[in-house]
Amino acid sequence: MKKQLLIVEDDPLMAEAAADYFKGKGWEAETAGNGPEALERFGQRQFHLILLDVMMPGMNGFTVCRKIREESDIPVIFITARVMEEDQLNGYSMGADDYVAKPFSLPVLYAKAEALIARSWKGGLSRRKAGELEIDVRSHEVWKSGKPVPLPPKEYEIFLFLLENPGRVYSREQLLIRFWGYDFEGNERVVDSHIKKLRKALGDCGCVIRTVHKLGYRMEVQDEKE
């Protein structure tokens, strides 16, 4: 699944340069030239990260971030021409996750973005998107195209674990030990049974649990369907 980036910057050349760089790294990137346009795009689709210019005419980045935080805890990196302590504190109070000062290095910006995405996924955004699924890790709820997908606790735990480690193969023994413990007296078929139930519950959603012959299972997250 490609990461989705929204770049909010009133300098079109700077926005285009950043978008091209991230696209070259396999991301999908959209740009917005002002605050209202950014909020409109934010309301239209799911993004993984927002690069947000602070000093924009009309609605500034602080206001945009505050409005976004009313609905989402998506990672936000502020882009600013002035790095003053007061501005940084104000930005963090509005919900910013990091700062980058102009002029900035695109490789450094990209590295910050990747690191922030990794931290937010492992440590805790309450809402996550994968394929056609949306997951709330606080309430343990899952939705498919807006409709709830009821998952028993064990299936949910297995699903979230595989989703957080896409592309990695886990053997039945590894999954058995992780979710049932060393003292479990059953056999590895219990893993197959729960995977089968999980697949049936998820259906065709862009998240596929593959069986790797003689090795185990692997989660593949496909690009979102248009």
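Before going into details, it helps to say that this report is about the structure given with it. (Residues numbered from 1 in each chain as written. Predicted model: local features only at pLDDT ≥ 70, side-chain atom pairs only at ≥ 80, totals over all residues. Heavy atoms only, no water.)

As a further point, take the packing of aromatic side chains. Two measures describe an aromatic ring pair: the distance that separates the ring centres and the angle between the ring planes. Tallying each qualifying case throughout the model produces 10 aromatic pairs. With a centroid separation of 5.1 Å and an interplanar angle of 75°, the aromatic rings of Phe 22 and Trp 27 are classed as edge-to-face. Arranged with centres 6.1 Å apart and planes meeting at 45°, the rings of Trp 180 and Phe 184 form a pair that is tilted. Residue class for Trp 180 comes out buried when judged on its relative accessible area of 19%. Look at Phe 184 and you get partly exposed, because its relative accessible area is 31%. Ring-pair connections join several aromatic residues into one group, and the members of that group are Tyr 21, Phe 22, Trp 27 and Tyr 110. Taking the ring centre of Tyr 110 as reference, the NZ or CZ of Lys 25 above it sits at 5.4 Å. It is Arg 178 that lies over the ring of Phe 179; its NZ or CZ is 5.8 Å from the centre. (Phe/Tyr/Trp six-rings, centres within 6.5 Å; stacked < 30°, edge-to-face > 60°. Buried < 20%, exposed > 50% of the residue type's maximum accessible area, 1.4 Å probe, protein only. Lys NZ or Arg CZ within 6 Å of the ring centre and 35° of its normal.)

Ordered by their spatial adjacency, three strands build an open sheet running 10-12-11, and the pairing between neighbours is antiparallel. A single partner strand is all that each edge strand has here, and the edge strands are strand 10 (169-170) and strand 11 (207-212). Pairing geometry for strand 11 and strand 12 (residues 216-221), over six bridges, is antiparallel. Bridge assignment links Arg 210 to a residue of strand 12, and that residue is Arg 218. Taken strand by strand, helix 6 (residues 153-164) contacts strand 10, strand 11 and strand 12, and its axis lies near 70° from that of strand 12. Sheet contacts for helix 8 (residues 189-202): strand 11 and strand 12; angle to strand 11, the most-contacted strand, approximately 150°. (Pairing = 2+ DSSP bridges. Helix = DSSP H or I, 4+ residues; strand = E, 2+ residues; numbered from the N terminus. Contact = heavy atoms within 4.5 Å. Axes fitted to C-alpha atoms, helices over the stretch in contact; angles between N-to-C directions.)

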